[in-house]
Amino acid sequence: MILEKIKEYIKCSRPHSFPASLAPVLLGSTYAMFYSSSFKFGVFFLFLISCIFIQAATNLFNEYYDYKKGLDKIDSQGISGSILKNKLTEKEVINAAYFLYFISLLIGLYLTYITDYKVLIVGIICMLVGYLYTGGPYPIAYSPYGEIFSGFFMGTIIVSLSFYFQLGYINYKVIAISLPMFLLIGGILLANNIRDLDNDKKSGRNTYAIIVGKNQAVLTLKYIFIVSYVLNIIYIFTNIGSIYNILVLITIPLAVKIIKGFNNNVTKETMAPYMVLTAKITIFIGFLMSLANIINYFLN
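All figures in this text were calculated on a predicted structure; none of them were measured in a lab.

**Observations concerning the overall build of the chain**
Along its length, the chain carries 13 helices and zero strands. The helix and strand sequence of the chain, counted from the amino end, reads α-α-α-α-α-α-α-α-α-α-α-α-α. Taking 300 residues into account, the globule formula puts the C-alpha radius of gyration at 19 Å, and the chain, at 19 Å, falls close to it. Seen along its three principal axes, the alpha-carbon backbone of the chain occupies a region of about 55 × 45 × 35 Å. Each of the 300 residues in the chain was classed as buried or not, and the buried ones make up 53%. Charge-centre separation for the chain: the mean point of 23 positive side chains lies 6 Å from the mean point of 14 negative side chains.

**Focus: helix H12 (residues 252-264)**
In this model, H12 (13 residues) spans 18 Å end to end at C-alpha, consistent with the 18 Å of a helix rising 1.5 Å per residue. Turning to H12, its buried residues number three or more, namely Leu-254, Ala-255, Ile-258, Ile-259, Gly-261 and Phe-262. The buried side chains of H12 occupy one side of the element, clustering within an arc of 160° when seen end-on. The exposed residues of H12 that point more than 90 degrees off its buried face are Pro-253, Lys-260 and Asn-264. Against helix H8 (179-195), helix H11 (214-236) and helix H13 (268-299) lie the buried residues of H12.

**A closer look at the nonpolar core**
In terms of nonpolar packing, the biggest core is built from 43 residues, with Phe-225 and Phe-262 touching the most fellow members. Those elements that place two or more of their residues in this core are helix H2 (19-31), helix H6 (146-167), helix H7 (172-177), H8, helix H10 (208-212), H11, H12 and H13. Among the elements that line this core, the one with the most residues is H13, at nine residues. When neighbours within four sequence positions are excluded, Phe-225 is seen to be in contact with Leu-184, Ala-255, Ile-258, Ile-259, Thr-278 and Ile-281. One finds Leu-48, Ile-52, Ile-54 and Ile-107 within the second-largest nonpolar core, a separate group that totals 41 residues.

**Focus on the side chain of Asp-66**
Looking at the secondary structure, you find Asp-66 in helix H3 (residues 41-68). Exposure remark for Asp-66: the relative accessible area of 8% places this residue in the buried category. There is a polar contact of 2.4 Å between the side chain of Asp-66 and the side chain of Tyr-142.

**Quick word on the pattern of salt bridges**
When charged atoms on two side chains of opposite charge get close, those side chains can pair. This model, assessed by the stated rule, comprises six salt bridges. Of the charged contacts, one joins Arg-14 and Glu-63 as a salt bridge, the two residues approaching to 2.8 Å between their closest N and O atoms. With Arg-14 in the loop between helix H1 (2-12) and H2 and Glu-63 in helix H3, this pair connects stretches of sequence that are 49 residues apart. Per residue, the accessibility class of Arg-14 equals that of Glu-63, and both read buried. Lys-118 is the salt-bridge partner of Asp-116, the closest N and O atoms lying 3.4 Å from each other. For Asp-116, a relative accessible area of 22% corresponds to the partly exposed category.

**Side note on unusual backbone geometry**
Even without being glycine, Arg-14 reaches a positive phi, approximately 60°. The buried category is assigned to Arg-14, whose relative accessible area is 11%.

Calculation criteria
Each chain has its residues counted from 1, following the order in which its sequence is written. In view of the model being predicted, local features appear only for residues whose pLDDT reaches at least 70, and side-chain atom pairs are presented and counted only at 80 or more, with totals across whole chains, interfaces and linings using the full set of residues. Heavy atoms throughout the structure, all of them, feed into the side-chain values; hydrogens and water do not. Secondary structure elements are defined from DSSP: runs of H or I of at least 4 residues count as helices, runs of E of at least 2 residues count as strands, and each element is numbered from the N terminus. Every radius of gyration here is taken over C-alpha atoms, with the globule rule written as 2.2 Å times N^0.38, N being the number of residues. Three labels apply to residues, based on accessible area from a 1.4 Å probe with only protein chains included: buried if under 20% of the type maximum, exposed if over 50%, partly exposed otherwise in between. Only four residue types enter the charge count: Lys and Arg as positive, Asp and Glu as negative, with His and the chain ends excluded. Lys charges are placed at NZ, Arg charges at CZ, Asp charges at CG and Glu charges at CD. An expected span of 1.5 Å times one less than the residue number is assigned to each helix. By arc we mean the arc of the directions from the helix axis to the C-beta atoms, nothing more. Here, two residues are considered to be in contact whenever any of their heavy atoms come within 4.5 Å of each other. The nonpolar core is taken to be a set of buried Ala, Val, Leu, Ile, Met, Phe, Trp, Tyr and Cys residues, with the residues joined through side-chain atoms within 4.5 Å. Polar contact criterion, stated in full: a pair of N or O atoms within 3.5 Å, where within protein one must be able to donate a hydrogen and the other to accept it, and residues adjacent in sequence count only if both atoms are side-chain atoms. What counts as a salt bridge is simple: a side-chain nitrogen of Lys or Arg found within 4 Å of a carboxyl oxygen of Asp or Glu.

Right, here's the structure in full:
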């Protein structure tokens with residue numbers, strides 16, 4: 001019985017999404033290798049655990065509040081359905097989210113102790129945004145700004161904090177190197193909203209995809225990919241990155257496949273695989289950019 005509960009908690013936290021936290025942490029941490037020969041593995045793993053717990057808690061909040069608002073159905077894509085299927089109670093899901101936030105806060109207090117009080121402030125803001133993503137009277141996920149918030153906090157903020165924990169400062173270059181993660185993580189939510197456009201419209205959401213329509217939303221996703229590749233090319237020819245950023249370009253065929261998939265399909269079931277691929281390409285690009293940093297460190 002206990003093992004079944006644990007399995008359901010894990011399923012409800014959506015562990016398939018955790019690599020989306022690993023990619024920006026890895027990118028920011030490895031980018032610090034441009035400036036230092038040492039690497040703080042302990043701090044890296046602590047911050048990674050904190051980010052994963054916050055993401056898991058955010059997913060639990062999503063499960064809870066989407067259920068409370070009557071938005072989740074048995075056939076809904078991308079949910080665990082733990083509450084709908086009576087495998088977890090509403091109270092169990094929300095308490096699990098609060099517990100993960102508590103552990104993240106404890107880690108944040110330690111990271112603040114070894115760095116600066118501003119880290120705690122930023123961490124609390126991130127946790128608040130995670131809650132307000134689907135909680136509160138005006139959920140961010142139901143607005144046209146979800147992509148911006150998710151991209152900024154899971155992309156730029158996490159990359160920058162990862163860099164900061166290694167070096168103790170932030171410069172404009174790490175902000176620049178975070179931009180593909182900003183765009184692509186926002187792109188994951190955009191792909192999700194393209195897939196769920198019809199259902200979201202019926203449930204009263206007002207996402208960017210609903211406002212501009214499917215065709216323009218897919219075009220926006222296309223430009224997100226293009227700009228991400230162009231940025232990596234710019235990094236190659238400036239001192240922001242290295243020649244090894246060219247590795248990112250091997251994912252172009254996958255980006256083309258995703259855009260074609262969204263353009264050629266109209267139902268949530270047939271578009272679902274391309275939403276999953278959008279998450280995967282984001283993780284691939286984050287890992288390849290990190291690999292470029294590591295290769296540059298060892299070969300230069």
